[in-house]
Amino acid sequence: MTRYTGLIENYRDRLPLAPEARAISLGEGRTPLIKLENLTKQVGFDGELYVKFEGLNPTGSFKDRGMTVAVTQAVYEGAKAIICASTGNTSAAAAAYAVRAGVTAFVLIPDGKIALGKLAQAVVHGAVVIQIQGNFDDGMRLVKEIGETTPVAIVNSINPYRLQGQKTASFEIVEELGRAPDFHCLPVGNAGNISAHWIGYSEMAGVATAISPHHGDGRFLDRPLTTTRPRMVGYQAAGSAPFMRGGPVKDPETVATAIRIGDPQSWKLAWALQEESKGWFDECTDDDILATQKLLAASEGVFCEPASAASLCGALRDIKAGKIAPGSTVVCTLTGNGLKDPDIVMKDGLKSLIQVPAERGAVEKALLAHLK
Ligand code: F0G
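As recorded by an unreviewed UniProt entry, the chain carries the name Threonine synthase and is attributed to Solimonas marina. One UniProt comment on the chain, placed under Sequence similarities (unreviewed entry), says "Belongs to the threonine synthase family." UniProt's Function (unreviewed entry) comment on the chain is quoted here verbatim: "Catalyzes the gamma-elimination of phosphate from L-phosphohomoserine and the beta-addition of water to produce L-threonine."

See below:
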């Protein structure tokens, strides 16, 4: 057994990094692909339904995959500081990887509407946190402007190294299933992650894709590891669904704050991959997203954050509607960990607590009332 040291060392031959670039890593990647046996039965689906739980990365989201590669390259190029705009997870990852690299992280976050756990991560890792009186889209615009004149490396997903790191989630899925799934469902904000996954699947299949900024021709592999690629399906929150509206949404609103984005940065890539993969975009209401978050937690023991639940929410609906054909193999990405945002489930969660005197009889009575 060799010690697992993160996805750069694992996939170095398939990443556009110089051989001498020192990997800045926290051991990210290798997240579990969990088969949802209970839910599959509950909805009467005769295919296979999996979740790739990216919330088990070191900082609790898929962003670590992109950040390890982006920060490694930035440091290799001599950067002393990195910058990002973020709805919370990117800033948490940037802050942590900056510490590993010994550089400064500047993070621009929206005014409110950021989960407390994510903000705590940026603070505890010593990032310079700048709260702007605006939303993510305002932050992104400012980061791009500042990046043009200031010596800071932008580590948002407009940095192609981010997508290169994130494509490795597809590698892991194909390795584990022995083939690509038929459908891959993701929550969509900027659409960087869905684009990264498509690049990854295309490389595994040895097929060129129009969207890869670096390598879409599978030339890293002697022979393809899968003969097919999945149909890619992206779900947005209804109040924040520019892909459904056909253009930017001015004041995006959703309880799924991670994907509260009105002007997606990977707009063109996403439409191109939708066409190539014969996939689709759709939207989920906040109520349905939260209901799915609870359903997953209560029926499978997996606690993801609200934005992440959008993938499963849409997938279950499209399975029921037959849009995802019976017998299919479906993977849903759970992008972030539910522990980052406990407030949301505790809003009525506290009501379920049973308060009793510290006496055996009272506790026994409570148990008996709940024994199945
Ligand atoms: N899910 C979670 C938990 C996220 O944090 C994000 C994006 C997405 C999904 C959407 O991914 O943008 O690649 O389509 N969060 C960014 C951030 C915007 O700042 O943390 P995408």
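Structure shown, so let's carry the discussion forward.
Undergrad: Is there a simple way to think about helix α8 (residues 168–177) in this case?
TA: Note that an α-helix has 3.6 residues per turn; residues three or four places apart therefore point the same way. The buried fraction of α8 is high, at seven of 10 residues. Trailing α8 by a residue or two, glycine 178 shows a phi angle of about 80°, which is positive.

Undergrad: Looking at this structure, I do not really get the UniProt feature "binding site: pyridoxal 5'-phosphate" (unreviewed entry) in the chain. What am I missing?
TA: Summarizing the sequence annotation, UniProt attributes the feature "binding site: pyridoxal 5'-phosphate" (unreviewed entry) to Asn89, Gly189, Asn190, Ala191, Gly192, Asn193 and Thr335 in the numbering used throughout. As for its placement among the helices and strands, asparagine 89 is situated in helix α4 (residues 89–101). Accessibility expressed as a relative area gives 5% for asparagine 89, which makes it buried. Excluding residues that lie within four positions of it along the chain, asparagine 89 makes contacts with Ser61, Lys63, Lys118, Ala258, Glu305 and Lys340.

Undergrad: Sorry if this is basic, but what is going on with the nonpolar core here?
TA: Nonpolar side chains in soluble globular proteins generally cluster together in the buried interior. Ile82 and Ile194 are the most contacted members of the largest nonpolar core, which totals 55 residues. Per-element accounting of this core gives the leading share, seven residues, to α4. Setting aside its immediate chain neighbours within four residues, isoleucine 194 contacts Leu186, Val188, Met232, Val233, Gly234, Leu273 and Phe281. Ile259, Cys284, Leu296 and Leu312 belong to the second-largest nonpolar core, a separate cluster that totals 32 residues.

Undergrad: How should I be thinking about the sheet that holds strand β10 (residues 329–334) in this particular structure?
TA: Hydrogen bonding along the main chain pairs the strands of a sheet, whether they run parallel or antiparallel. The strand order across the open sheet formed by six strands is β1-β2-β10-β7-β8-β9, and the pairing between neighbours is mixed. Each of the sheet's edge strands pairs with one partner strand only, and the pair in question is β1 (33–35) and β9 (280–284). Each adjacent strand pair in this sheet contributes to an overall mean axis angle of 25°, direction not counted. Sheet analysis places β1 next to strand β2 (residues 48–53), joined by three bridges and oriented antiparallel. Each bridged residue has a counterpart across the sheet, and for leucine 33 the counterpart in β2 is lysine 52. Along the sheet face, helix α13 (residues 306–320) touches β2, β7 (183–187), β8 (231–237), β9 and β10 and points at about 110° away from the line of β9.

Undergrad: In this structure, what is going on with a nonpolar patch on the surface? I would like to understand it.
TA: On the surface, a nonpolar cluster with roughly 340 Å² of combined accessible area is contributed by Ile354, Val356, Val363 and Leu367. Mapped onto the fold, valine 356 is located in the loop between α14 (342–349) and α15 (360–370). A residue is classified by how much of its surface remains accessible, and valine 356, at 38% relative accessible area, is partly exposed.

Undergrad: I tried to follow the pairing of β7 on my own but got confused; where do I start?
TA: Moving residue by residue along a regular strand, the side chains alternate between the two faces of the sheet. Burial analysis of β7 places five of its five residues in the buried class, which makes it a mostly covered element. Alternating residues of β7 divide into Phe183, Cys185 and Pro187 and His184 and Leu186, and every residue in both groups is buried. Across five bridges, β7 lies against β8 in parallel orientation. Bridge pairing in β8 links phenylalanine 183 to arginine 231. Pairing of β7 with β10, which is carried by three bridges, proceeds in the parallel orientation. Among the inter-strand pairings, phenylalanine 183 is bridged to a residue of β10, identified as valine 330.

Undergrad: Could you clarify how one ought to interpret the pairing of β8 in this entry?
TA: Within β8, six of the seven residues are buried, which leaves it mostly tucked inside the rest of the structure. Bridge count between β8 and β9: five bridges; the pairing is parallel. Paired with glutamine 236 across the strands is glutamate 283, a residue of β9.

Undergrad: Could you clarify how one ought to interpret unusual backbone geometry in this entry?
TA: With the exception of glycine, the majority of residues adopt a negative phi angle, and the majority of peptide bonds are in the trans configuration. Unusually for a residue other than glycine, lysine 113 sits at a positive phi of about 55°. If you trace the backbone, lysine 113 turns up in the loop between β4 (104–110) and α5 (116–124). Taking relative accessible area as the criterion, lysine 113 reaches 41% and is therefore assigned partly exposed. One non-glycine residue with positive phi stands out, namely lysine 278, at about 55°. Note that lysine 278 resides in the loop between α11 (267–277) and β9.

Rules of the game
- Residues numbered from 1 in each chain as written.
- Predicted model: local features only at pLDDT ≥ 70, side-chain atom pairs only at ≥ 80, totals over all residues.
- Heavy atoms only, no water.
- UniProt positions renumbered as here; feature names shortened; annotations may be inferred.
- Buried < 20%, exposed > 50% of the residue type's maximum accessible area, 1.4 Å probe, protein only.
- Helix = DSSP H or I, 4+ residues; strand = E, 2+ residues; numbered from the N terminus.
- Contact = heavy atoms within 4.5 Å.
- Core = buried A, V, L, I, M, F, W, Y, C linked by side-chain atoms within 4.5 Å.
- Pairing = 2+ DSSP bridges.
- Axes fitted to C-alpha atoms, helices over the stretch in contact; angles between N-to-C directions.
- Patch = residues over 30% accessible without salt bridge, like charges linked within 9 Å, V, L, I, M, F, W, Y side chains within 5 Å.
- Areas by Shrake-Rupley, 256 points an atom, 1.4 Å probe, with all protein chains shown as cover.
- Salt bridge = Lys/Arg side-chain N within 4 Å of Asp/Glu carboxyl O.

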